[in-house]
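Tertiary structure, described
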Amino acid sequence: WAFFVTFGGYFMAHFSRKCYSTVKQQLEDTAGYNPLILSEMDTVFMGTYAAGNIISGKLGDTFNPTTVLAIGLFGSGTCLFLINISLWFDFLSFSMLLGNFFIIAVYFMFGFFQSTGGPVGTAVMGNWFCDKKSIENRGLIFGLWTCHQYCGDVTAALCTAVVLGAGLNYTWALFIPALTNIGWGVLTMRLIADPADCGIITPEVKIRMEKLKAKNLESGGTEVDEGPAPISYAAALRIPMVAQYAFAFGFFKLTNYVLFFWLPYFLGKHFEPVTANLIASLYSVGMMPGGIIVGYVSDIFGGRRASVIGTFMGALFVFLFIFSQKSEELNAGALLVMLCIMGILVGGPNNIITSAVAADLASHPSVRGNNKSLGTVTGLINGCGSITASIGLLAVGPLQDAFGWGSVWLFLMGCTFVGTALMGTKIKDELFPKPEEYSEVEEANLAV
């Protein structure tokens, strides 16, 4: 049930944000918004979404995660409804300044509400899937769970196609996800975020009770278990590898953003628009099974996720090198195959770092028994990664103008190398564990 509800919540997040992008042409041609305003909406969203991830993770660990998730869904639906109101009543006709300010202000808040699904949903998943069998299969479980974003994106495209194909006003493509977000928020309110809240004693609760019992015996006190205190940002960053993964994820996410946003533009210079979009879509198709593959393979190798991620990034480095040398010469068939494989190589590590890896990090001995850390850890990784990627995107246009597309692929090779290098110490520890630490790592499944 927790898998279903949190999967659906993040599905709704991507459904609602993707629907906006599918009607951008109508917002420009019919509503009258100029491309600069639409670009500013994207920039504002990315900024508030990045900051919101860091804040939402902490809120999910401090307050009831179910409430935080529901507020995110209600808020997202409300923002889309407000955008619809501005379109129905044509705010731009009253005042250009009012119309532009209103839609940007709404999208500013939309970014914050959208940010709750990732870190808080991951925390709820971590609460429920914490038994020994689930930990052994954590990569596969979270790999399947991260398919929510691609399902949401595809549904949004289909929804808009049905709306426009049926001759309905394009605002229905925004109104439908507004309703479904609010409806899923009502369903989410019924979710129990922590099995301990319904009397189920999880491994984390047992560890916390044992620590409290030992403390009472030592001090002669009679303290009772009132639940774990939420972890601070400083404490989360002190967990080994959290900071490194946060920055590594930024470079990996930057690689994904560049390929996702710029591939259609690059391919459009060499192919017809329909062919270019078809080829580019294969990259997104490859990303969906990527998380499942990386998660499953890392489970097979005892949770050694850094090593598997490093292997995938090494293969991606080779593909990017080929692109830097031959991208202008490859035919459509070769590009289809290469981009599908590159989608797997990029999507797998990106999906697993913000889910299974984050859950592994939050299981470190320094915070074991405290399940109020996963949301904060996931939020930090997601938020720092989004900030790094957003800044890095600024370099693509100037690089392409000054040195051509070959320089962009070399830039991505550098990002891939730096991100992998940041995980170097962990990869080394996984491949060559110290004898005295090996049993502890295996027992705790801390091979993050």
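Each remark here, short or long, concerns the structure printed above.
Summarised in this report is the structure supplied together with it. Since the structure is predicted, the reported quantities are computational estimates derived from the model, not experimental observations. The numbers attached to residues start from 1 for each chain and follow its sequence in the written order. Reporting in this predicted model follows two pLDDT cut-offs: at least 70 for local features of residues, and 80 or more for side-chain atom pairs to be given and counted; totals over whole chains, interfaces and linings ignore these cut-offs and use all residues. Only hydrogens and water are set aside; all other atoms, that is, all heavy atoms of the structure, feed into the side-chain values.

Let us now look at the packing of helix α3 (residues 35–62) against helix α18 (residues 374–393). The axes used here are C-alpha line fits, helices contributing only the stretch in contact, and every angle between their N-to-C directions lies in the interval 0 to 180 degrees. Helix and strand definitions follow DSSP, with helices as H or I runs of at least four residues and strands as E runs of at least two, each counted in order from the N terminus. Put simply, α3 and α18 touch, their axes get as near as 7 Å, and they point 170° apart. If you check the angle between α3 and α18, you find them roughly antiparallel. The residues of α18 that touch α3, namely those facing Met-46, Tyr-49, Ala-50, Asn-53, Ile-54, Gly-57, Lys-58 and Asp-61, are Leu-374, Gly-375, Thr-376, Gly-379, Leu-380, Asn-382, Gly-383, Cys-384, Ser-386, Ile-387, Ser-390 and Leu-393. Under this grouping Gly is polar, as are all residues other than the nonpolar Ala, Val, Leu, Ile, Met, Phe, Trp, Tyr, Cys and Pro and the charged Asp, Glu, Lys and Arg. For the contact of α3 with α18, the class distribution of residues is 9 nonpolar, 9 polar and 2 charged. For classification, angles of less than 35 degrees are called roughly parallel, those exceeding 145 degrees roughly antiparallel, those between 65 and 115 degrees roughly perpendicular, and all remaining angles oblique. Residue contacts are defined here by distance: any two heavy atoms, one from each residue, within 4.5 Å place the two residues in contact.

It is worth spelling out the nonpolar core at this point. Throughout, nonpolar core names a set of buried Ala, Val, Leu, Ile, Met, Phe, Trp, Tyr and Cys residues whose side chains join them through atoms within 4.5 Å. Throughout, exposure labels follow a simple rule: accessible area from a 1.4 Å probe, protein chains only, divided by the maximum for the residue type, with under 20% read as buried, over 50% as exposed, and the rest as partly exposed. By size, the foremost hydrophobic cluster in this structure holds 96 residues, and its most contacted members are Tyr-245, Leu-263, Leu-267, Ile-381 and Trp-409. Those residues within four positions of Ile-381 in sequence are excluded, and the remaining contacts are Val-242, Tyr-245, Ala-246, Phe-249, Ile-353, Thr-354, Ala-358 and Leu-361. Counting 17 residues, the second largest nonpolar core, distinct from the first, contains Met-12, Val-68, Leu-69 and Cys-159.

What follows is about helix α21 (residues 424–431). Those residues of α21 that fall on the buried side of the exposure criterion are Lys-426, Ile-427 and Glu-430. With its buried residues spanning 100° around the axis, α21 presents them on a single face. The directions from the helix axis to the C-beta atoms are what the arc is built from.

Our next topic: the environment of Ala-243. One can find Ala-243 in helix α14 (residues 242–267). Separated by 138 residues in the primary sequence, Ala-243 and Ile-381 have C-alpha atoms spaced 7.7 Å apart.

An expected span of 1.5 Å times one less than the residue number is assigned to each helix. For helix α1 (residues 2–22), with 21 residues, the first-to-last C-alpha span of 30 Å sits near the 30 Å given by 1.5 Å per residue. Burial of α1 is extensive: 15 of the 21 residues sit out of reach of the surface.

Now for the pattern of salt bridges. Every case where a carboxyl oxygen of Asp or Glu lies within 4 Å of a side-chain nitrogen of Lys or Arg is listed as a salt bridge. Overall, the coordinates contain 4 salt bridges when judged by the stated rule. Linking Lys-24 and Asp-42 is a salt bridge whose minimum nitrogen-to-oxygen distance equals 2.5 Å. Here Lys-24, found in helix α2 (residues 24–31), pairs with Asp-42, found in helix α3; they are 18 residues apart in sequence, far enough to count as distant. For Lys-24, a relative accessible area of 25% translates into the label partly exposed. By relative accessible area, which is 25% here, Asp-42 ends up partly exposed. A salt bridge links Arg-305 to Asp-360; the nearest nitrogen and oxygen atoms lie 2.5 Å apart. A residue pair is termed long-range when its members are at least 10 positions apart, and Arg-305 in helix α16 (residues 305–326) and Asp-360 in helix α17 (residues 332–361) qualify at 55 residues. Comparing Arg-305 with Asp-360, the two get one shared label, buried. Via salt bridges that share partners, Arg-138, Asp-299, Arg-305 and Asp-360 belong to a single interconnected network.

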